[in-house]
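Per-entry structural report
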Amino acid sequence: MKVLITGARGQLGMALLASVPDGLTAIPCDRQNLDLGDGHAIRQFVQTESPDLIINAAAYTAVDLAETHPDEACRINSIAPGILAEASRRAGASMVHISTDFVFDGLRSTPYKPDDARNPLSVYGETKAGGEDAVVDHAAILRTSWVYSLDGANFVNTMLQLMSSRDELKVVADQIGAPTYSPNLADVIWRLALRRGRGIWHYSDAGAASWYDFAVAIQEEALTVGRLTREIPIYPITTDEFPTAAKRPRYSLLDSNETRATLDVPAVHWRKNLRRMMRDSRM
């Protein structure tokens, strides 16, 4: 069984490649061998490789930059997924498309269910919602949140760098979500992919946190394993005190209960997976 994985050099793509189930052959796709901005190239690549499954883990994830580069974000997040979905249908392949909590506006105070109404606040969120619309008839859509890993550009690695170089940090404390460790997410994606299902699914690690909570936990866990050698003060601030080009949802917790029950995935608290990442970093 052949599996085409887009975004193969990203943190999720690398986690997927590191955990390919037995009996599957992965076809990694990145910018070097497939330009997702070129619809003809996508169709030709899928036709040539003739995969049994496509996992679209690629995305334009520069949330703030998307505000000034909407066309580029749209090409990767909205148009390319639709072309992939149509190509997968022609090839007789199933597809899993990765989406985001940013399709919601964050105005509620209980976790979002897969069928809840979307109302994105940013260009990034709008284009990801567009990608969902483009694939919904051909693919399973898995929304996730706050993904991080050992490698790549993510909140954990940014915090570790800043904690090593600064004497104090100020971190937003009024945006709530759930950090998700990419190897854990990859396992869920493989379980979903092998079901060849459709519909919209939610998955993030268990529990909830603000970015401030997450930053405090990162420092504590990093100090425990020796990734950091000194503790610095971390102060909570409001979103208004840290303006960004793109508006973020204040509350974007995803209800993952149905996904866990259907795919037999245990609920693992985000703090436990953060500790796992820190321990993995010492190996």
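Coordinates for the structure precede this section.
To keep things clear, this report deals only with the structure shown in the data block. (Residues numbered from 1 in each chain as written. Predicted model: local features only at pLDDT ≥ 70, side-chain atom pairs only at ≥ 80, totals over all residues. Heavy atoms only, no water.)

**Side note on helix α6 (residues 182-195)**
The test is simple: Numbering of helices and strands runs from the N terminus; a helix is a DSSP stretch of H or I covering at least four residues, while a strand is a stretch of E covering at least two. Expected span, for any helix, means 1.5 Å times one less than how many residues it has. Three labels apply to residues, based on accessible area from a 1.4 Å probe with only protein chains included: buried if under 20% of the type maximum, exposed if over 50%, partly exposed otherwise in between.
Its 14 residues place the ends of α6 20 Å apart at the C-alpha level, agreeing with the 20 Å of an ideal helix rising 1.5 Å per residue. If you check which residues of α6 are buried, you get Ser182, Asn184, Leu185, Ala186, Val188, Ile189, Trp190, Leu192 and Ala193. Of the residues flanking the end of α6, it is Arg196, one or two places downstream, whose phi is positive at about 55°.

**What about the nonpolar core?**
The test is simple: Among buried residues, the Ala, Val, Leu, Ile, Met, Phe, Trp, Tyr and Cys ones that are joined through side-chain atoms within 4.5 Å form a nonpolar core. We call two residues in contact when some of their heavy atoms are within 4.5 Å.
Leu36, Ile42, Val46, Leu84 and Met95 are the most contacted members of the largest nonpolar core, which totals 28 residues. The set of elements that each furnish at least two residues to this core consists of β2 (25-29), α2 (39-49), α3 (70-91) and α4 (123-135). Here this core gets 7 residues from one element, more than from any other, and that element is α3. Not counting residues up to four positions away in its chain, the partners in contact with Ile42 are Leu34, Asp35, Leu36, Ala80, Ile83 and Leu84. Counting residues in hydrophobic clusters, the runner-up holds 26 residues, among them Leu160, Ala222, Val225 and Trp270.

**Some remarks on the layout of surface pockets**
What counts is decided by this rule: The definitions used throughout rest on a 1 Å grid laid over the protein atoms alone, on which a cavity is an enclosed set of points accommodating a 1.4 Å probe that cannot get out and a pocket is an open set flanked by protein within 12 Å on both sides along at least five of seven lines; lining residues are those having an atom within 4 Å of a point. Grid points are joined across faces, edges and corners, and a volume is the space filled by probe spheres set on the points. Any residue that is not Ala, Val, Leu, Ile, Met, Phe, Trp, Tyr, Cys, Pro, Asp, Glu, Lys or Arg is counted as polar, Gly included; the first ten are nonpolar and the last four charged.
Quantified by volume, the second largest pocket comes out at close to 200 Å³. Contributing to the lining of the second largest pocket are Gln11, Met14, Ala15, Ala18, Ser19, Ser149, Leu150, Asp151, Tyr181, Ser182, Pro183 and Asp280. Among the secondary structure elements, those contributing two or more residues to the lining of the second largest pocket are α1 (11-17) and α6. Of the residues contributing to the lining of the second largest pocket, the split by class is 6 nonpolar, 4 polar and 2 charged.

**A closer look at empty space enclosed by the protein**
By the definition in use, this model includes 1 cavity of 30 Å³ or more. Roughly 50 Å³ of volume is contained in the largest cavity. What lines the largest cavity is Phe102, Trp146, Gln175, Ile176, Trp211, Arg248, Pro249, Arg250 and Ser252. For the lining of the largest cavity, a count of residues per class yields 5 nonpolar, 2 polar and 2 charged.

**Focus: the environment of Gly207**
Relative to the elements of secondary structure, Gly207 occurs in the loop between β10 (199-202) and β11 (209-210). Separated by 152 residues in the primary sequence, Gly207 and Ile55 place their C-alpha atoms 26 Å from one another. Setting aside anything within four residues of it in sequence, one finds Gly207 in contact with Gly177, Ala178, Leu253, His269 and Trp270.

**A closer look at the pairing of strand β3 (residues 53-56)**
Test applied: Strands are treated as partners if at least two bridges between them are detected by DSSP. Look down the strands so they point away from you; if the path from the first strand over the helix to the second goes clockwise, the crossover is right-handed.
Because side chains alternate across β3, one face comprises the buried residues Leu53 and Ile55, and the other comprises Ile54 and Asn56, equally buried. Taken together, the 4 bridges between strand β1 (residues 2-6) and β3 define a ladder with parallel strand orientation. Looking at the pairing, Ile5 lines up with Ile55 of β3. Looking at chain direction, β3 and strand β4 (residues 94-100) are connected through 4 bridges and run parallel. By the bridge assignment for β4, Asn56 is matched with His97. Viewed along the sheet, the connection from β3 through α3 into β4 turns out right-handed.

**What to know about the packing of aromatic side chains**
Rule in force here: Stacked, edge-to-face and tilted are the three classes for Phe, Tyr and Trp ring pairs, Trp counted by its six-membered ring, which pair at centre distances within 6.5 Å; planes under 30 degrees apart are stacked, over 60 edge-to-face, the rest tilted.
Scanning the model with the defined rule gives 9 aromatic pairs in all. When the ring of Trp146 is compared with that of Trp211, the centres are 3.6 Å apart and the planes differ by 10°; the resulting orientation is stacked. Of this pair, Trp146 sits in the loop between β5 (140-144) and β6 (147-148) while Trp211 sits in helix α7 (residues 211-225), and the two are 65 residues apart along the sequence. Under the relative-accessibility criterion, Trp146 is labelled buried at 9%.

**Structural notes on helix α9 (residues 270-280)**
Inclusion rule: This arc corresponds to the set of directions leading from the helix axis out to the C-beta atoms.
Turning to α9, its buried residues number three or more, namely Trp270, Asn273, Leu274, Met277 and Met278. Within α9, the buried residues cover an arc of 145° as seen down the axis, which keeps them to one side.

**Quick word on the packing of helix α5 (residues 155-165) against α7**
Defined as follows: Lines are fitted to the C-alpha atoms to define the axes, a helix being fitted only along its stretch in contact, and any angle between axes, read from their N-to-C directions, falls within 0 to 180 degrees. Crossings are assigned a handedness: left-handed for a near helix turned anticlockwise from the far helix by less than a right angle, right-handed for a clockwise turn.
Direction vectors running N to C along α5 and α7 enclose 65°, while the axes themselves pass 10 Å from each other. The two elements α5 and α7 cross, and the hand of that crossing is right-handed. Along its contact with α5, which presents Phe155, Val156, Met159, Leu160 and Met163, the element α7 presents Trp211, Phe214, Ala215, Ile218, Gln219 and Ala222. Class assignment for the residues of the contact of α5 with α7 results in 10 nonpolar, 1 polar and no charged.

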